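Structural features, examined
What follows is each chain in one-letter form.
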Amino acid sequence: MIDLTPWYYRNLLKDSVLISKSAYYKSIQINGEILFESVISLNQNLIPAWVSISTIYSSSDGSGTSPFQNIAVYKAISEALERWAFYGTADSLEAATYCFDVNPSTTGMAAYPGFTARNARKNAILEASERWALHEFWRGNLPIKEHESKIKNLKHFEIITDFQDVRVSLVCYKSENYYLYAFAADKSLNKSFGHALVELARNIRVMKKFSETNKHYTELEDISDKRLVFFANSEGHEMFMQKILGAPSTILVKPQVICDKEIKGPWSQYTRVWRYLYANSFPDSETDHTFFMF
């Protein structure tokens, strides 16, 4: 298959109408692998006032990681355009068409340039599957299987679902002072584990930066920030392990698709954006910092 990404994105970094900042740097993963990580920020006029701003995560609108610098940049652009589609649709008259009225987040969204939306939809399904599985695991509805980990102080769990060709990895890493987590879905367990390690590296960096501030999680405003820091501490980790040990031996819930549509808009001249969403893939409370989702 011909990759059309360079053609669609060739002028975007120079297009001040959309992108305000871009950067890339090398990132060392916990397994020693060195990758390029890129971040992209949209122009402020594209970001609604209601968007919650994290004080410990990067304020960028898109990020991407790859062994290759250009691929990392393309991934970051795709995620930024996905966010643009979210910002432009979630608070519009079309919000309910894409189920933003029941799940006002980027869950189940993906962007990928091309003549068709095939790849965007494929990636959206993986993202939706990961989020649904994580929510239902936390509700006590899905089994957990632990796999051997060759990385010191790292536990690799798989959330068991009946998805076809989708595996969901959940990792927990014990550092010197706290616990860090990450999760990802892909067609194979090896790939989902690899993606989870990329997210874990980001969370390790974020938590290290936060720990230097000597603040308490209750001082944070963004709910995702609060959850990350809460579960990094012993109280949160104990709650996490209780969920792991108390997971059922059989699958107790089935996924229900409630959205499977392309989101069209001004971003469509650059990429295809798709939303694939399952019911009940949103935290039961968006103020509860003890719900495992960040």
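Use the structure listed above.
Note that the structure is predicted; figures quoted are calculated from it, not measured. (Residues numbered from 1 in each chain as written. Predicted model: local features only at pLDDT ≥ 70, side-chain atom pairs only at ≥ 80, totals over all residues. Heavy atoms only, no water.)

**With respect to the packing of aromatic side chains**
- This structure, assessed with the given rule, holds 27 aromatic pairs.
- Taking the centre distance of 5.5 Å and the plane angle of 70 degrees together, the rings of tyrosine 217 and phenylalanine 230 count as edge-to-face. Within this pair, whereas tyrosine 217 is found in the loop between helix H4 (189–211) and helix H5 (223–232), its partner phenylalanine 230 is found in helix H5, the two being separated by 13 residues in sequence.
- Its relative accessible area of 12% is what places tyrosine 217 among the buried residues.
- Given the relative accessible area of 2%, phenylalanine 230 is considered buried.
- Summarising the aromatic geometry, the rings of tyrosine 276 and tyrosine 278 are spaced 5.4 Å apart at their centres and angled 80 degrees between planes, so their arrangement reads as edge-to-face.
- With a relative accessible area of 6%, tyrosine 278 lands in the buried category.
- Members of the aromatic cluster, each reached through a chain of ring pairs, are Phe137, Trp138, Phe157, Tyr181, Phe183, Tyr217, Phe230, Phe231, Phe240, Phe292 and Phe294. (Phe/Tyr/Trp six-rings, centres within 6.5 Å; stacked < 30°, edge-to-face > 60°. Helix = DSSP H or I, 4+ residues; strand = E, 2+ residues; numbered from the N terminus. Buried < 20%, exposed > 50% of the residue type's maximum accessible area, 1.4 Å probe, protein only.)

**A closer look at the sheet that holds strand S2 (residues 34–42)**
- The 3 strands lie next to each other as S1-S2-S3, forming an open sheet whose pairing is antiparallel. The open sheet has two edge strands, strand S1 (19–28) and strand S3 (62–66), and neither has a second partner. The average undirected angle you get between the axes of adjacent strands in this sheet is 15 degrees.
- Relative to S2, S1 runs antiparallel, the two being bridged by 9 bridges. Within S2, the residue paired with lysine 21 across the bridge is serine 41.
- Packing against the sheet, helix H2 (residues 69–89) makes contact with S1, S2 and S3, and its axis sits at approximately 155 degrees to S3.
- Contacting S1, S2 and S3, H4 crosses the sheet at an angle of about 120 degrees to S3. (Pairing = 2+ DSSP bridges. Axes fitted to C-alpha atoms, helices over the stretch in contact; angles between N-to-C directions. Contact = heavy atoms within 4.5 Å.)

**Concerning the side chain of serine 38**
- On the secondary structure map, serine 38 appears in strand S2.
- Excluding residues within four positions of it along the chain, serine 38 makes contact with Ala23, Tyr24, Gly62, Ser63, Gly64, Ala72, Val73 and Ala76.

**Topic: the side chain of serine 281**
- You can see serine 281 is positioned in the segment after strand S10 (272–278).
- Take serine 281: its relative accessible area is 2%, and that puts it in the buried class.
- In terms of polar contacts, serine 281 uses its side chain to reach the backbone carbonyl oxygen of tyrosine 278, at 2.7 Å. (Polar contact = N/O pair within 3.5 Å; in protein donor to acceptor, adjacent residues only side chain to side chain.)

Structural measurements only, silent on function.
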